[in-house]
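Understanding the architecture of this molecule
These are the residues of each chain, in order.
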Amino acid sequence: MAVIMRFVQRFQADKRKEFMDLEKEFAGLEREGILTPGLRMAPIAAREPGNTLIWEAKFEDLASAERALKALEASPGHQSLLAQQIRYFQDAWVEFYEVLEF
């Protein structure tokens, strides 16, 4: 069963530039193959407010998504950036979705 793992991060609206500058560095780690590549989205017309960043990636199963999550926790580059970015968070959570293939 394929799974989508999604990080939803609501940040301080007045710190958008600082937050996004750090997010660009996360994207750089993905391009270098250090982190799992994902798709980043910002709401235009959605339930979530405009000061939200959503990152998501598709995995072959839940175990693969969980391994990727553990790899993030073990990555010094990720942890360093997260320590800088977290001060701008208002709220953050992880979601897992089953990909339905009818």
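Refer to the structure above for everything that follows.
Anyway, here's the lowdown on the structure attached to this text. Note that the coordinates shown come from a computational prediction; the quantities given were computed from them, not determined experimentally.

Regarding the pattern of salt bridges
Summed over all chains, the structure comprises six salt bridges. The shortest N-O distance in the salt bridge between Arg-40 and Glu-23 comes to 2.7 Å. Here the residue Arg-40 occupies a position in strand β2 (residues 39-41), and Glu-23 occupies one in helix α1 (residues 16-31), the gap between them amounting to 17 residues. Judged by its relative accessible area of 24%, Arg-40 falls in the partly exposed class. Overall, the relative accessible area of 6% leaves Glu-23 in the buried class. The partner of Arg-40 in a salt bridge is Glu-30, with the nearest N and O atoms 2.7 Å apart. With Arg-40 in strand β2 and Glu-30 in helix α1, the pair connects residues that are 10 residues apart, well separated along the chain. Judged by its relative accessible area of 12%, Glu-30 is buried. A network of salt bridges, in which partner residues are shared, links Arg-10, Arg-47 and Glu-48.

Overview of the sheet that holds β2
The sheet built from four strands is open, its strands ordered β2-β3-β1-β4 with antiparallel pairing. The sheet is open, and its two edges are formed by β2 and β4 (89-98), each paired on a single side. Ignoring strand direction, the axes of neighbouring strands in this sheet form an average angle of 15 degrees. Sheet analysis places β2 next to strand β3 (residues 52-59), joined by three bridges and oriented antiparallel. By the bridge assignment, Leu-39 is partnered in β3 with Glu-56.

Rules used in this analysis
Within each chain, residue numbers correspond to sequence positions counted from 1 in written order. A pLDDT threshold of at least 70 governs which residues receive local features in this predicted model, and a stricter bar of 80 or more applies before side-chain atom pairs are shown or counted, although totals over entire chains, interfaces and linings include all residues. Computation of side-chain values: all heavy atoms of the structure, hydrogens and water removed. Salt-bridge detection follows one rule: a side-chain nitrogen of Lys or Arg within 4 Å of a carboxyl oxygen of Asp or Glu. Under the DSSP-based scheme used, a helix requires at least four consecutive residues in state H or I and a strand at least two consecutive residues in state E, with every element numbered from the N terminus. Relative accessibility decides the category of a residue: with a 1.4 Å probe and only protein chains considered, values under 20% of the type maximum give buried, values over 50% give exposed, and everything between is partly exposed. The pairing criterion is simple: DSSP has to find at least two bridges between the two strands. Lines fitted to the C-alpha atoms define the axes, with helices restricted to the stretch that makes contact. Angles between their N-to-C directions range from 0 to 180 degrees.

Keep in mind these numbers describe shape, not what the thing actually does.
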